[in-house]
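Summary of structural features
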Amino acid sequence: MKSGKVNLVEKSKKSYRVARPKQTGFSSPATHYTEPRIDLNAELITNPSATFYVRVIDNSFIDFEISENDVLIVDKSLTPKNNQLAVIVKEDAFQIERIDANSKEEMQLWGVITYVIKSVL
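So, here's what we can say about the structure. (Residues numbered from 1 in each chain as written. Predicted model: local features only at pLDDT ≥ 70, side-chain atom pairs only at ≥ 80, totals over all residues. Heavy atoms only, no water.)

A short note on the pattern of salt bridges
Counted according to the given criterion, the structure contains 3 salt bridges. Among the salt bridges present, the one from Lys90 reaches Glu97, with a minimum N-O distance of 3.8 Å. You can call Lys90 partly exposed: its relative accessible area is 32%. A single salt-bridge network, built from bridges that share partners, covers Lys90, Glu97 and Glu105. (Salt bridge = Lys/Arg side-chain N within 4 Å of Asp/Glu carboxyl O. Buried < 20%, exposed > 50% of the residue type's maximum accessible area, 1.4 Å probe, protein only.)

The structure is reproduced here in structure tokens:
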């Protein structure tokens, strides 16, 4: 890493899907276990090298319906649009703000929130 080159991590191209067996006779009651898992990275992330997961540690963002232990998916490569939620740096701490296109206030944008994964526990 001394040369200043940036090495990107690439998503695996291997297929981890389970091959369905050729069935003869009665089906097994456990056949539903052979279904492939949903990969949330593949489903929710469009730019992996600029996307981060952030866990919320308190209830200070309840006004945005974001609670303690929720997970935010934040994309740093997006430009925020009006009324979108974004993570900004304010007073040396991360804050969540709703973007107002008419606001004259200057803010340091960290990234745009693309998904909120809710904790139900």
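What to know about unusual backbone geometry
With phi around 75°, Asn69 is a residue other than glycine that occupies positive phi space. Mapped onto the elements, Asn69 comes out in the loop between strand 1 (51-55) and strand 2 (71-75). With phi around 55°, Glu91 is a residue other than glycine that occupies positive phi space. Overall, the relative accessible area of 75% leaves Glu91 in the exposed class. (Helix = DSSP H or I, 4+ residues; strand = E, 2+ residues; numbered from the N terminus.)

Quick notes on the sheet that holds strand 5 (residues 108-117)
If you trace the 5 strands from one edge of the open sheet to the other, you get 1-2-5-3-4, paired in antiparallel fashion. The open sheet is flanked by strand 1 and strand 4 (93-98), the only strands paired with a single partner. Taken pair by pair, the neighbouring strands of this sheet meet at an average axis angle of 40°, ignoring direction. As judged from the 4 bridges shared by strand 3 (residues 85-90) and strand 5, these two strands associate in the antiparallel manner. Counted as the bridge partner of Ala86 is Val112 from strand 5. (Pairing = 2+ DSSP bridges. Axes fitted to C-alpha atoms, helices over the stretch in contact; angles between N-to-C directions.)

What to know about the nonpolar core
The biggest cluster of nonpolar side chains holds 9 residues, and these are Val56, Phe61, Ile66, Leu72, Val74, Leu85, Val87, Ile96 and Ile113. Those residues within four positions of Ile113 in sequence are excluded, and the remaining contacts are Leu72, Ile73, Val74, Leu85, Ala86, Val87 and Ile96. (Core = buried A, V, L, I, M, F, W, Y, C linked by side-chain atoms within 4.5 Å. Contact = heavy atoms within 4.5 Å.)

Quick look at the environment of Ser60
Position of Ser60 relative to the elements: it lies in the loop between strand 1 and strand 2. Put simply, Ser60 and Ile96 are 36 residues apart on the chain and 9.5 Å apart in space, counted from C-alpha to C-alpha. A polar contact of 2.7 Å, which involves the side chain of Ser60, links it to the side chain of Asp58. (Polar contact = N/O pair within 3.5 Å; in protein donor to acceptor, adjacent residues only side chain to side chain.)

A word on the pairing of strand 3
Every other side chain in a regular strand lies on the same face of the sheet, so the side chains alternate between the two faces. Bridge count for strand 3 against strand 4 is 6 bridges, and the pairing is antiparallel. Considered in strand 4, the bridge of Leu85 is made with Arg98. Between strand 3 and strand 4, which pair antiparallel in sequence order, lie 2 residues; one of them, Glu91, sits at a positive phi of approximately 55°.

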